[in-house]
Amino acid sequence: MDIFTIDELRKTFTNGEMKEEILKGISLTLKEGEITALVGPSGSGKSTLLTIAAGLQPASDGKILFNDNNITSMTAEQVRDIRAKKFGFVFQFAHLVPFLTVREQLSFMLDVSEVKMKNEKREQEIDYILERVGLSERKHAYPSSLSGGEKQRVAIARAVIHKPRVLFADEPTASLDSKKSKEIMSLIQDLTKTLNLTTLMVTHDEEMLSYVDHVVKMSDGLVV
Amino acid sequence: MNIAWKEIKKNKMRFFILGSIIFLVSLLTFIISGLANGLSQDNASLIKDLPSGHFYMNEDAEENYNLSRIDDRIREQLVQEQKDAVAFSIQMGFLNDESDKERSVAFVTSTDSKWFEQVGPGEIILDRSLEKEGMKVGDTLTHKQYKSSFVVKKFVDQKKFSHAPVAYINKEVYNEIYRAEEMQLLFTPGEDSTQNIKGLQSFSNKEFLNTIPSYSAEQMSLNMIVWFLIVISGMLFGIFFYMMNVQKIGLYGILKAIGVKTSDLFKMMWTQMLFITILSLTLSVGSSQLFNKVAPEDMPYHLTNETTLQLSIVFLVIGFIGVTLSGLQIKRVEPLQAIQQGEV
Ligand SMILES: Nc1ncnc2c1ncn2[C@@H]1O[C@H](COP(=O)(O)OP(=O)(O)O)[C@@H](O)[C@H]1O
Ligand SMILES: [Mg+2]
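Draft legend 1. Local environment of the packing of helix α1 (residues 3-10) of chain B against helix α8 (residues 262-294) of chain B. Residues and elements named next belong to chain B. Between α1 and α8, whose axes approach to 8 Å, the crossing angle comes to 55 degrees. Here α1 is positioned oblique relative to α8, judged by the angle of their axes. Relative to α8, the crossing made by α1 is right-handed. Note on element contacts: α8 touches α1 through Met 268, Thr 271, Gln 272 and Phe 275, opposite Ile 3, Ala 4, Trp 5, Glu 7 and Ile 8. Class assignment of the residues belonging to the contact of α1 with α8 gives a composition of six nonpolar, two polar and one charged.

Draft legend 2. Quick peek at the domain arrangement of chain B. Residue and element names in this part refer to chain B. When the domains of chain B are assigned, the result is domain 1 (3-43 + 216-341) and domain 2 (69-183). If you average the C-alpha positions of domain 1 and of domain 2, the two centres end up 48 Å apart. The interface of domain 1 with domain 2 comprises five residues on the first partner and five residues on the second. Of the roughly 510 Å² buried between domain 1 and domain 2, counting both surfaces, carbon and sulfur atoms make up 33%. The largest contributions to the domain 1 side of the interface with domain 2 come from Gln 41, Asp 42 and Asn 43, which together make up 80% of the buried area. Linking domain 1 to domain 2 there are one salt bridge. The closest approach of N and O atoms between Asp 42 and Lys 160, which form a salt bridge, is 2.5 Å. The interface formed by domain 1 and domain 2 contains five residue pairs in polar contact (both at pLDDT 80 or more).

Draft legend 3. Inspection of the interface of chain A and chain B at higher detail. Each partner contributes to the interface: chain A provides 26 residues, whereas chain B provides 24 residues. Of the roughly 2300 Å² buried at the junction of chain A and chain B (both faces included), carbon and sulfur atoms supply 70%. Per-residue buried area on chain A facing chain B is highest for His95(A), Phe99(A) and Phe108(A); these three make up 30% of the total on that side. Applying the counting criterion to the chain A and chain B interface returns two salt bridges. The tally of links from chain A across to chain B stands at four residue pairs in polar contact (both at pLDDT 80 or more). Listed by contribution, the elements that provide at least two residues to the side of chain A that touches chain B are α2 (76-86) and α3 (102-112) of chain A. Along the lines of polarity and charge, the residues of the side of chain A that touches chain B split into 14 nonpolar, five polar and seven charged.

Draft legend 4. Seen up close, the site of ligand 1. All names here are of chain A. Residues in close proximity to ligand 1 include Phe 13, Ile 22, Pro 41, Ser 42, Gly 43, Ser 44, Gly 45, Lys 46, Ser 47 and Thr 48, which together make up its full environment. In this structure, Ser 44 approaches ligand 1 through a main-chain N or O atom, which is 3.3 Å from an oxygen atom. If ligand 1 stood free it would expose 560 Å²; the protein chains cover 64% of that surface. Among the elements that take part in the shell around ligand 1, helix α1 (residues 46-53) stands out by supplying three residues, more than any other. Tallied by class, residues from the shell around ligand 1 come to three nonpolar, six polar and one charged.

Draft legend 5. Structural view of the packing of aromatic side chains. Throughout the structure, instances matching the rule amount to 25 aromatic pairs over all chains. Where Trp270(B) meets Phe320(B), the ring centres are 5.0 Å apart and the plane angle is 25 degrees; that geometry is what we call stacked. With Trp270(B) in helix α8 and Phe320(B) in helix α9 (residues 305-332), this pair connects stretches of sequence that are 50 residues apart. Residue Trp270(B) is classed as partly exposed on the basis of its relative accessible area of 24%. A residue is classified by how much of its surface remains accessible, and Phe320(B), at 37% relative accessible area, is partly exposed. An angle of 80 degrees between the planes, with centres 4.8 Å apart, marks the rings of Phe291(B) and Tyr301(B) as edge-to-face. A residue pair is termed long-range when its members are at least 10 positions apart, and Phe291(B) in helix α8 and Tyr301(B) in the loop between α8 and α9 qualify at 10 residues. Chaining the aromatic ring pairs together yields one cluster made of Phe4(A), Phe66(A), Phe87(A), Phe89(A), Phe91(A) and Phe168(A). One residue, Lys10(B), lies across the ring of Tyr142(A), its end atom 4.1 Å from the ring centre.

Calculation rules
Sequence order as written defines residue numbering, which begins from 1 separately in each chain. To read the labels, note that chains go from A and ligands from 1, taken in the order they are written. Per-residue local features are limited, in this predicted model, to residues with pLDDT of at least 70; the limit for side-chain atom pairs, both in listing and counting, is 80 or more; totals at the level of whole chains, interfaces and linings are taken over all residues. For the side-chain quantities, the full set of heavy atoms in the structure was used; hydrogens and water were omitted. Only the stretch in contact is used when fitting a helix axis, every axis being a line fitted to C-alpha atoms; angles between N-to-C directions are given from 0 to 180 degrees. Runs of E in the DSSP output that reach at least two residues are strands. Runs of H or I that reach at least four are helices, and both are numbered from the N terminus. Note on terminology: angles under 35 degrees are roughly parallel, angles over 145 are roughly antiparallel, angles of 65 to 115 are roughly perpendicular, and the others are oblique. For any helix crossing, the convention is left-handed if the near helix is rotated counterclockwise from the far helix by under a right angle, and right-handed if that rotation is clockwise. Any pair of residues with heavy atoms lying within 4.5 Å of one another is described as a contacting pair. Classification used: nonpolar for Ala, Val, Leu, Ile, Met, Phe, Trp, Tyr, Cys and Pro, charged for Asp, Glu, Lys and Arg, polar for all others including Gly. Reported domain spans reflect what an automatic or database domain assignment gives. Buried area adds together the accessible area that both of two parts lose upon being put together, with accessible area traced by a 1.4 Å probe. Whenever a carboxyl oxygen of Asp or Glu lies within 4 Å of a side-chain nitrogen of Lys or Arg, that contact is scored as a salt bridge. In the analysis that follows, any N or O atom pair within 3.5 Å is treated as a polar contact, provided that within protein one partner can donate a hydrogen and the other can accept it, and provided that, for residues neighboring in sequence, both atoms belong to side chains. Whether a residue is near a molecule or strand is decided by its heavy atoms; if any one of them lies within 4 Å of it, the residue is near. Accessibility throughout is a Shrake-Rupley quantity obtained with a 1.4 Å probe, and a residue counts as covered only by protein chains that appear here. Think of it this way: a Phe, Tyr or Trp ring, Trp meaning its six-membered ring, pairs with another when their centres are within 6.5 Å, and the plane angle makes it stacked under 30 degrees, edge-to-face over 60, tilted otherwise. Relative accessibility thresholds used throughout: buried, under 20% of the residue-type maximum; exposed, over 50%; partly exposed, between the two (1.4 Å probe, protein chains only). In our convention, an over-ring charge means Lys NZ or Arg CZ found within 6 Å of a ring centre and within 35 degrees of that ring's normal.

Put into structure tokens, the structure is as follows:
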């Protein structure tokens, strides 16, 4: 059984009278414990594909099967529940909660995903992830005092603290320099393997492809 | 973990400013409504202190108690039917004290009743405020239309009518001074329904108070200020949270993307609003009590616990509405919008 399958996915945007088909029937299977990277020219529909797969916007046609359940036919509340408990998200920017410390960002994510555990265990989990992303020292820092790379590592920690099954990352290194980008990519690779995540990411940086297991090239709404 | 509280902690200044404004507005509201209540006591405690029931005056009097004359037969009949019913009359007038100085008072006389002082001919019972102005028990007072004179029998607390101290006098004396054989008003205590008595118009306590000309004018303007302040506090909440929310639209989008329920975002705002309001109200209730103690003696200020509680609840409800309305924008936030907008 494949954990995540995209089947004949289509997306049409309507701008007034104008209809534009951005995704023209995309089929894709993601493998557990592996990173699939979407590449292709700007405007080819990578982000649209990723966000539909992640349940952040509806599809026009086709199926997205997560554990054999079709996300495209679920209610908004069901999709939210899956996003909270089974998915993790990293975007180009970290989008941290400005008034929470690093530790609190993670604790909050555990609340959101309704993970029930004893306080002691919760602290252990947080410490463990912070060590994995190399931020043990910054546990009580607020986002405003973190560097761009540090923020992105907190975002990654937040994306995996609740042990999701699928990790979505849309250009997670686009706002970082080359050295930091590599650190982030190796972190994503590392976590994907050890936490057995199914990772779907978008990148336009050729250099990052050495960290991924599969490369899916997109052009003009199709896999090529 | 309570992120509502975390936000307050991180943005102390912002919430402190909101809290201070709510504190000031609610304190002002408490003080003004204390003043409204105090003035209404000062204006009409004679009537306000009666139990709730029904007042009757002549239909022909057109809601002016001064012109009302209640037929003796009707009066006797009603007083017989309802044992606590009382007939009474009020006239504004003047008394001359021992140094022949004129004092404005409200003369009141009534049939036998536990709510009205009964006095013999030649006796008078006065409101306490006249004692403070120097009158004493045993003083002899005179009235232009009264051949004989009054001896002050005692003073009673808080009996005012139309801002004048009440002077209870005997019915015969009253009739002699004002050449009126009949009583002006009937009062029957009790919540039971009004009796339809031919030729008489009935009033609830509140309705009757409003027939006193100065009373309704005073109360209306003060109550209007109170309501304005309450509405302003609701708008403050609305505007404050609206501006905070506008700044946080991006954040809300991200939170929604990672799976936070919209209802939890509302709960967060409600928690913050409750926290700020309860804290501000506690302080302003405390301060208004303090004001009660330090207010000048002759300032008509009287804030009851009941009014305080009612106003506090109104503040909470209005704050809740303000916050909720301003939060409606959160409902419309799309997670994607925020992600594509970049750094927040
Ligand atoms: N909400 C939308 N409404 C209309 N057009 C959109 C919307 N979102 C994306 N598009 C269009 O879809 C195309 C693909 O966008 P996107 O998936 O962001 O491309 P990529 O991530 O590959 O650069 C672009 O032409 C973009 O303008
Ligand atoms: Mg994109």
